[in-house]
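Structural overview
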Amino acid sequence: MVRGAWWRGGRSGARRASLYAAYKAWCQNEGATAISSRVFAQRARELAGLASPKEMILSNSRKYYPGTGLLADEERA
């Protein structure tokens with residue numbers, strides 16, 4: 001997982017698709033093979049402390065991992 005780009009805490013939530021896109025970009029930059037989006041979602045839920053997908057935030061038909069976020073590129077540097 002992209003630990004340096006993903007944080008836990010606070011009230012916001014990282015969008016599921018955005019988090020996976022950031023992970024895939026990281027894998028490409030590192031020359032690593034990305035896991036499937038399904039496996040990634042399961043692992044991300046575990047790291048976010050969610051027991052099931054039903055605990056995710058649903059807003060405008062988009063799913064979010066509660067209490068998580070993605071850091072902007074300048075914040076990771």
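Structural data are supplied above this passage.
Side note on helix H2 (residues 37-48)
Taking 1.5 Å as the rise per residue, H2 with twelve residues should run 16 Å; its terminal C-alpha atoms sit 16 Å apart, in good agreement. Taken together, the buried positions of H2 are Phe40, Ala41, Ala44, Arg45, Leu47 and Ala48. An end-on view of H2 places all buried positions within 160° of arc, on one side of the element.

Digging into the nonpolar core
A general trend in soluble globular proteins is that nonpolar side chains are found buried together. Leu19, Tyr20, Tyr23, Cys27, Phe40, Ala41, Ala44, Ala48, Leu50, Met56 and Tyr65 form the largest nonpolar core, which has eleven residues in total. Sorting the residues of this core by element identifies helix H1 (16-30) and H2 as the ones contributing at least two each.

Focus on the side chain of Arg45
Following the sequence through the fold, Arg45 ends up in helix H2. Within the buried set, Arg45 has no salt-bridge partner at all; the shortest N-O distance to an opposite charge, 7.4 Å, is to Glu46. Beyond its immediate stretch of four places on either side in the chain, Arg45 contacts Leu50, Ser52, Pro53, Met56 and Tyr65.

Some thoughts on H1
Taking 1.5 Å as the rise per residue, H1 with 15 residues should run 21 Å; its terminal C-alpha atoms sit 21 Å apart, in good agreement. Inspection of H1 places Leu19, Tyr20, Tyr23 and Cys27 among the buried residues, and these make up the whole buried set. Seen along its axis, H1 keeps its buried residues to an arc of 95°; they face one direction. Facing away from the buried side of H1 by over 90 degrees, the exposed positions are Gln28 and Asn29.

What counts and what doesn't
- Residues numbered from 1 in each chain as written.
- Predicted model: local features only at pLDDT ≥ 70, side-chain atom pairs only at ≥ 80, totals over all residues.
- Heavy atoms only, no water.
- Helix = DSSP H or I, 4+ residues; strand = E, 2+ residues; numbered from the N terminus.
- Expected span 1.5 Å × (residues − 1).
- Buried < 20%, exposed > 50% of the residue type's maximum accessible area, 1.4 Å probe, protein only.
- Arc of directions from axis to C-beta.
- Core = buried A, V, L, I, M, F, W, Y, C linked by side-chain atoms within 4.5 Å.
- Lys, Arg positive; Asp, Glu negative; His and termini not counted.
- Salt bridge = Lys/Arg side-chain N within 4 Å of Asp/Glu carboxyl O.
- Contact = heavy atoms within 4.5 Å.

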